Amino acid sequence: MTKKELRQKYKALRKQLTDYEVEEYSLEIANQLIHLDIWNRNFYHLFLPIESQHEVDTEFILQVLAGKDKDVVVSKSDFETREMTHFLLTDNTKIKKNEYDIPEPVDGLEVPVSKIDVVFVPLLAYDVNGNRVGYGKGFYDKFLSECQPNVLKIGLSFFEAEELISDVLPTDIQLDICVSLTTVYNF
Ligand SMILES: Nc1nc2c(c(=O)[nH]1)N(C=O)[C@@H](CNc1ccc(C(=O)N[C@@H](CCC(=O)O)C(=O)O)cc1)CN2
Ligand SMILES: Nc1ncnc2c1ncn2[C@@H]1O[C@H](COP(=O)(O)OP(=O)(O)OP(=O)(O)O)[C@@H](O)[C@H]1O
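Residues numbered from 1 in each chain as written. Chains lettered and ligands numbered in written order. Predicted model: local features only at pLDDT ≥ 70, side-chain atom pairs only at ≥ 80, totals over all residues. Heavy atoms only, no water.

Per an unreviewed UniProt entry, the protein goes by the name 5-formyltetrahydrofolate cyclo-ligase and belongs to Flavobacterium urocaniciphilum. UniProt, in its Catalytic activity (unreviewed entry) section for the protein, records the words "(6S)-5-formyl-5,6,7,8-tetrahydrofolate + ATP = (6R)-5,10-methenyltetrahydrofolate + ADP + phosphate". For the record of the protein, the UniProt heading Cofactor (unreviewed entry) holds the text "Mg(2+)". (UniProt positions renumbered as here; feature names shortened; annotations may be inferred.)

Tell me about the nonpolar core, residues and numbers included.
By size, the foremost hydrophobic cluster in this structure holds 55 residues, and its most contacted members are Leu33, Ile38, Val119, Phe120, Ile154 and Leu156. Contact partners of Val119, with chain neighbours within four places excluded, come to His45, Tyr140, Phe143, Leu144, Cys147, Val151, Leu152, Lys153 and Ile154. (Core = buried A, V, L, I, M, F, W, Y, C linked by side-chain atoms within 4.5 Å. Buried < 20%, exposed > 50% of the residue type's maximum accessible area, 1.4 Å probe, protein only. Contact = heavy atoms within 4.5 Å.)

Residue-level account of the sheet that holds strand β1 (residues 43-45), with values.
The strand order across the open sheet built from seven strands is β3-β2-β1-β6-β9-β10-β11, with neighbouring strands paired in mixed fashion. Pairing within the sheet leaves two strands with one partner each, and these edge strands are β3 (83-88) and β11 (184-186). The mean inter-strand angle of the sheet, taken between neighbouring strand axes irrespective of direction, is 25 degrees. In terms of strand pairing, β1 meets strand β2 (residues 71-78) through three bridges, oriented parallel. Note on β2: the bridge partner recorded for Phe43 is Asp71. (Pairing = 2+ DSSP bridges. Helix = DSSP H or I, 4+ residues; strand = E, 2+ residues; numbered from the N terminus. Axes fitted to C-alpha atoms, helices over the stretch in contact; angles between N-to-C directions.)

So what's going on with empty space enclosed by the protein? Which residues, and what values?
Taken as a whole and judged by the stated rule, the model has one cavity of 30 Å³ or more. Of the volumes computed, that of the largest cavity is approximately 70 Å³. What lines the largest cavity is Arg14, Phe47, Glu55, Val56, Pro122, Leu123, Leu124, Leu156, Ser157, Phe158 and Phe159. Classifying every residue of the lining of the largest cavity by side-chain character gives eight nonpolar, one polar and two charged. (1 Å grid on protein atoms, 1.4 Å probe; cavity = no way out; pocket = protein on both sides within 12 Å on 5 of 7 lines; lining within 4 Å. Points joined across faces, edges and corners; volume = space filled by probe spheres on them. Nonpolar A, V, L, I, M, F, W, Y, C, P; charged D, E, K, R; others polar.)

So, the layout of surface pockets: which residues are in play, and what are the values?
Space left empty within the atom packing is revealed by a probe, the size of a water molecule, rolled over the atoms. When its volume is computed, the largest pocket comes out at roughly 680 Å³. When residues of the lining of the largest pocket are traced back to their parent elements, those giving at least two are α1 (3-15), β2, β8 (132-133) and α4 (139-146). Looking at the lining of the largest pocket, the element that brings in the most residues is α1, giving four residues. For the lining of the largest pocket, a count of residues per class yields 18 nonpolar, eight polar and nine charged. Computed from the structure, the second largest pocket encloses a volume of approximately 210 Å³. Contributing to the lining of the second largest pocket are Leu62, Leu65, Ala66, Asp69, Lys70, Asp71, Val72, Leu88, Leu89, Thr90 and Asp91. Taken together, the elements giving at least two residues each to the lining of the second largest pocket come down to α3 (59-67) and β2.

Hey, could you go over a negative patch on the surface for me, with residue numbers and the actual values?
A grouping of Asp19, Glu23, Glu24, Glu28, Glu51 and Glu59 is seen on the molecular surface, where their side chains present a negatively charged patch. Counting residues per element, the negative patch draws most heavily on helix α2 (residues 19-34), which supplies four residues. As for its position among the elements, Glu51 is in the loop between β1 and α3. (Patch = residues over 30% accessible without salt bridge, like charges linked within 9 Å, V, L, I, M, F, W, Y side chains within 5 Å. Areas by Shrake-Rupley, 256 points an atom, 1.4 Å probe, with all protein chains shown as cover. Salt bridge = Lys/Arg side-chain N within 4 Å of Asp/Glu carboxyl O. Lys, Arg positive; Asp, Glu negative; His and termini not counted. Charge placed at Lys NZ, Arg CZ, Asp CG, Glu CD.)

So, the packing of aromatic side chains: which residues are in play, and what are the values?
Throughout the structure, instances matching the rule amount to 10 aromatic pairs. Clustering of aromatic rings is evident, with ring pairs tying together Tyr10, Tyr25, Phe158 and Phe159. (Phe/Tyr/Trp six-rings, centres within 6.5 Å; stacked < 30°, edge-to-face > 60°.)

Shown next as structure tokens:
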């Protein structure tokens, strides 16, 4: 299927989930992550979920990271330049929702992309080759292309992998791992 078709399909599937399912499934994804060999690094970039879009609630992952004393990085998105700016998440970080309902840090200590070791990647759909589809603005393709080549890219999804995204671009960056409710995909 094309990215456009997949966006429609997965937006509809996510819409059907109840708030209860979103929470339970997000906890399940966090539980799967605990068992992976990904916790020996320092800087973990996490997305803060758009609740109205029924994204994976990363709160549980945040708790795991806090328990392990990791540095957590969150971003602010500029929809004009399609650039993300990255900030260290601390107890004092003020979070505010932007016009797209994305919770974002207001300000704080900026973290250069070169410091980031692991990125938890939001997505609408992904395929068995590790390609992903987001909302189509290219924020993560750009961000991931600026990261260190050895950065670990981990997708999180309530759904299983598609067989094929038919219109993958050369600028699309593949995931290393994707975690669903039942499966850990290693690409
Ligand atoms: N939590 C989270 N943060 C993220 C992303 C994400 O997917 N999830 N992004 C990942 O790249 C970037 C933001 N990209 C986004 C692009 C479009 C829409 C969005 O709501 N689009 C609506 C159309 C709204 C409109 O045009 O008025 C939609 O698709 O329904 C949201 C986020 C950076 N931060
Ligand atoms: N490294 C990059 N720098 C600048 N623009 C880019 C980069 N990578 C992709 N883009 C542009 O972003 C647009 C959207 O790409 P694509 O359809 O793959 O988005 P997506 O992966 O679904 O969205 P997102 O990354 O925001 O979740 C494309 O027009 C593409 O040209």
